[in-house]
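Spelled out from the first residue to the last, the chains are:
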Amino acid sequence: MSYLTSSATGTASTDLSLGFGIPGYAHPLVAPMEWGELTRPGAPLHWVVLNVSGGPGARPDSHCLEAVGRLRNAGVRVLGHLDTTYGVRTFGELISDAHRYLDWYQAEGFFLNRCPTERAALPEVRRTVATLRGLLGDSHIVLGHGTHPFPGYAESADQLVTFSGPWSDYRWSQVAEWTADHPPERFCHFVHGVPRGHLDEALRIARWQGASTIYFTDRTDRTDRGGRDDPWETMPGYWDEIVSRIGTGVSE
């Protein structure tokens with residue numbers, strides 16, 4: 001039985017409308033099926049992250065241009081991947097990457113991966129986000145913390161990724177109390193290693209914890225054990241099933 005926060009937090013809901021945030025599939029040349037599925041009519045997509053080569057790459061990529069064009073024609077929002085490296089990368093480097101995403105791929109927002117979580121780093125993140133919004137007025141900004149950050153970060157971005165990790169942790173996770181002050185549309189959960197038989201349970205956790213943007217996959221992360229498997233680079237084996245379940249809702 002998963003640990004779910006009490007409805008006293010104000011976030012518990014079984015009527016929450018869920019949709020996908022795609023953390024970033026492998027390069028379209030390597031994963032053409034994955035990118036093709038994202039243009040399927042009716043798929044509940046909130047946004048897709050484009051990560052060409054740890055960022056926008058050194059020059060425009062024809063395969064990525066084609067994939068992004070198809071997504072844009074299908075009405076899917078594309079976010080450029082900016083790796084903050086937990087605050088190590090400089091302001092100038094991040095803004096330079098952002099310009100490339102805008103100039104080459106017409107990105108509609110940005111995903112700041114490995115975003116800092118501590119209070120001390122908040123002013124610099126605010127500065128970066130404000131500059132990004134200055135470059136693109138109607139920009140959608142997602143901060144990829146992967147865990148609950150200092151609450152002040154919620155004031156800067158459109159969405160925060162407050163969980164990114166394995167199912168073994170997610171099924172016993174607890175939501176931070178301060179998230180109850182914000183609507184579910186502000187939070188995202190990315191979970192890998194979710195068995196097909198536990199999809200309903202995972203979806204209930206997201207609903208109870210108040211996250212409306214999710215990405216669940218049965219792929220596992222082996223990068224920390226010397227492997228090269230990134231769980232987000234390929235489509236879940238149960239993609240059709242989870243698309244159907246989100247469309248029909250999850251009963252208690």
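Description of the structure in this document. None of the values given here were measured: they were computed from a predicted structure. (Residues numbered from 1 in each chain as written. Predicted model: local features only at pLDDT ≥ 70, side-chain atom pairs only at ≥ 80, totals over all residues. Heavy atoms only, no water.)

## Observations regarding the overall build of the chain
Stated precisely, the cut-off is as follows: Helix and strand assignments come from DSSP, with helices taken as H or I runs of at least 4 residues and strands as E runs of at least 2, each series counted from the N terminus. Exposure classes here rest on a 1.4 Å probe applied to the protein chains alone. A residue is buried below 20% of its type maximum, exposed above 50%, and partly exposed in between. Between two residues, a contact is recorded if the distance between any of their heavy atoms is within 4.5 Å. Using the Shrake-Rupley algorithm and a 1.4 Å probe, accessible areas are obtained, with residue cover drawn only from the displayed protein chains.
Helix and strand counts for the chain come out as 7 helices and 8 strands. Here the chain, with 252 residues, has 49% of them falling under the buried criterion. Across the chain, the fraction of contacts at a sequence separation of at least 24, relative to all contacts at a separation of at least 6, is 75%. As presented, the chain carries roughly 11300 Å² of accessible surface, and 48% of it is formed by carbon and sulfur atoms.

## Looking at the side chain of His 140
The cut-off we apply is this: The term polar contact refers here to a pair of N or O atoms within 3.5 Å; inside protein, the definition further demands a hydrogen-donor-capable atom paired with an acceptor-capable atom, and it admits residues adjacent in sequence only when both atoms are side-chain atoms.
Assignment of secondary structure puts His 140 in strand 5 (residues 140-144). Residue class for His 140 comes out buried when judged on its relative accessible area of 13%. In terms of polar contacts, His 140 uses its side chain to reach the side chain of Arg 77, at 3.3 Å. In terms of polar contacts, His 140 uses its side chain to reach the side chain of Gln 159, at 3.0 Å. Leaving out residues up to four positions away in the same chain, His 140 has contacts with Trp 47, Arg 77, Leu 79, Glu 108, Gly 109, Phe 110, Asp 158 and Gln 159.

## Quick notes on the pattern of salt bridges
Defined as follows: Salt bridges are defined by distance alone: a side-chain nitrogen of Lys or Arg within 4 Å of a carboxyl oxygen of Asp or Glu.
Taken as a whole and assessed by the stated rule, the structure comprises 15 salt bridges. Salt-bridge contacts for Arg 40 lead to Asp 240; the nearest nitrogen and oxygen are separated by 2.5 Å. One end of the pair, Arg 40, is in the loop between helix 1 (32-37) and strand 2 (45-50); the other, Asp 240, is in helix 7 (residues 239-248), and 200 residues separate them in sequence. On the basis of relative accessibility, which here comes to 30%, the residue Arg 40 falls in the partly exposed class. One salt bridge in this structure joins Asp 83 and Arg 114, with 2.6 Å as the shortest N-O distance. With Asp 83 in strand 3 (residues 78-83) and Arg 114 in the loop between strand 4 (109-113) and helix 4 (122-135), the pair connects residues that are 31 residues apart, well separated along the chain. The buried category is assigned to Asp 83, whose relative accessible area is 13%.

## Considerations on the side chain of Thr 162
Here Thr 162 shows up in strand 6 (residues 159-166). Judged by its relative accessible area of 3%, Thr 162 is buried.

## Notes on unusual backbone geometry
In the Ramachandran plot, Thr 85 falls in the positive-phi region, its phi being about 50 degrees despite a non-glycine side chain. Notably, Arg 114 is not glycine yet its phi reads approximately 50 degrees, a positive angle.

## Looking at the pairing of strand 8 (residues 213-216)
Operational definition: Note: two strands are recorded as paired if DSSP finds a minimum of 2 bridges between them. We call a crossover right-handed when, viewed with the strands running away from us, the connection from the first strand over the helix to the second turns clockwise.
What you see with strand 8 is no split at all: Thr 213 and Tyr 215 on one side and Ile 214 and Phe 216 on the other are buried throughout. Relative to strand 8, strand 1 (residues 19-22) runs parallel, the two sharing 2 bridges. If you follow Gly 19 over to strand 8, its bridge partner there is Thr 213. Two elements, strand 7 (residues 187-192) and strand 8, share 4 bridges in a ladder whose sense is parallel. Bridge pairing links Val 191 to Phe 216 in strand 8. On the question of chirality, the crossover connecting strand 7 to the parallel strand 8 by way of helix 6 (residues 199-209) is right-handed.

## Brief notes about the packing of helix 3 (residues 91-105) against helix 4
Quick reminder of the rule: Axes, fitted as lines to C-alpha atoms, cover a helix only where it is in contact. Angles between the N-to-C directions of the axes lie from 0 to 180 degrees. Angles below 35 degrees are treated as roughly parallel, those above 145 as roughly antiparallel, those between 65 and 115 as roughly perpendicular, and all remaining angles as oblique. Crossings are classed by handedness, with left-handed meaning an anticlockwise turn of the near helix from the far one by less than a right angle and right-handed meaning a clockwise turn. Residue classes follow a fixed rule: Ala, Val, Leu, Ile, Met, Phe, Trp, Tyr, Cys and Pro count as nonpolar, while Asp, Glu, Lys and Arg count as charged, and any other residue, Gly among them, counts as polar.
At a minimum axis separation of 11 Å, helix 3 and helix 4 run at an interaxial angle of 25 degrees. Comparing the axis directions of helix 3 and helix 4 gives the class roughly parallel. The chirality of how helix 3 crosses helix 4 is right-handed. Here Phe 91, Leu 94, Ile 95, Ala 98, His 99 and Leu 102 of helix 3 lie close against helix 4, whose contacting residues are Glu 124, Arg 127, Thr 128, Thr 131, Leu 132 and Leu 135. Of the residues in the contact of helix 3 with helix 4, the class split is 7 nonpolar, 3 polar and 2 charged.

## Here's the deal with the packing of aromatic side chains
This is how it is decided: Think of it this way: a Phe, Tyr or Trp ring, Trp meaning its six-membered ring, pairs with another when their centres are within 6.5 Å, and the plane angle makes it stacked under 30 degrees, edge-to-face over 60, tilted otherwise. Whether a charge sits over a ring depends on NZ of Lys or CZ of Arg being within 6 Å of the ring centre and within 35 degrees of the ring normal.
A complete count under the given rule lists 14 aromatic pairs for this structure. Centre to centre, the rings of Phe 163 and Tyr 170 are 4.9 Å apart; their planes meet at 55 degrees, and the pair counts as tilted. For Tyr 170, a relative accessible area of 0% puts it in the buried group. Among the aromatic residues, those joined into a cluster by ring pairs are Tyr 25, Trp 35, Trp 47, Phe 111, Phe 190, Tyr 215 and Trp 232. The residue whose ring lies beneath Arg 127 is Phe 91, and the NZ or CZ to ring-centre distance is 3.7 Å.

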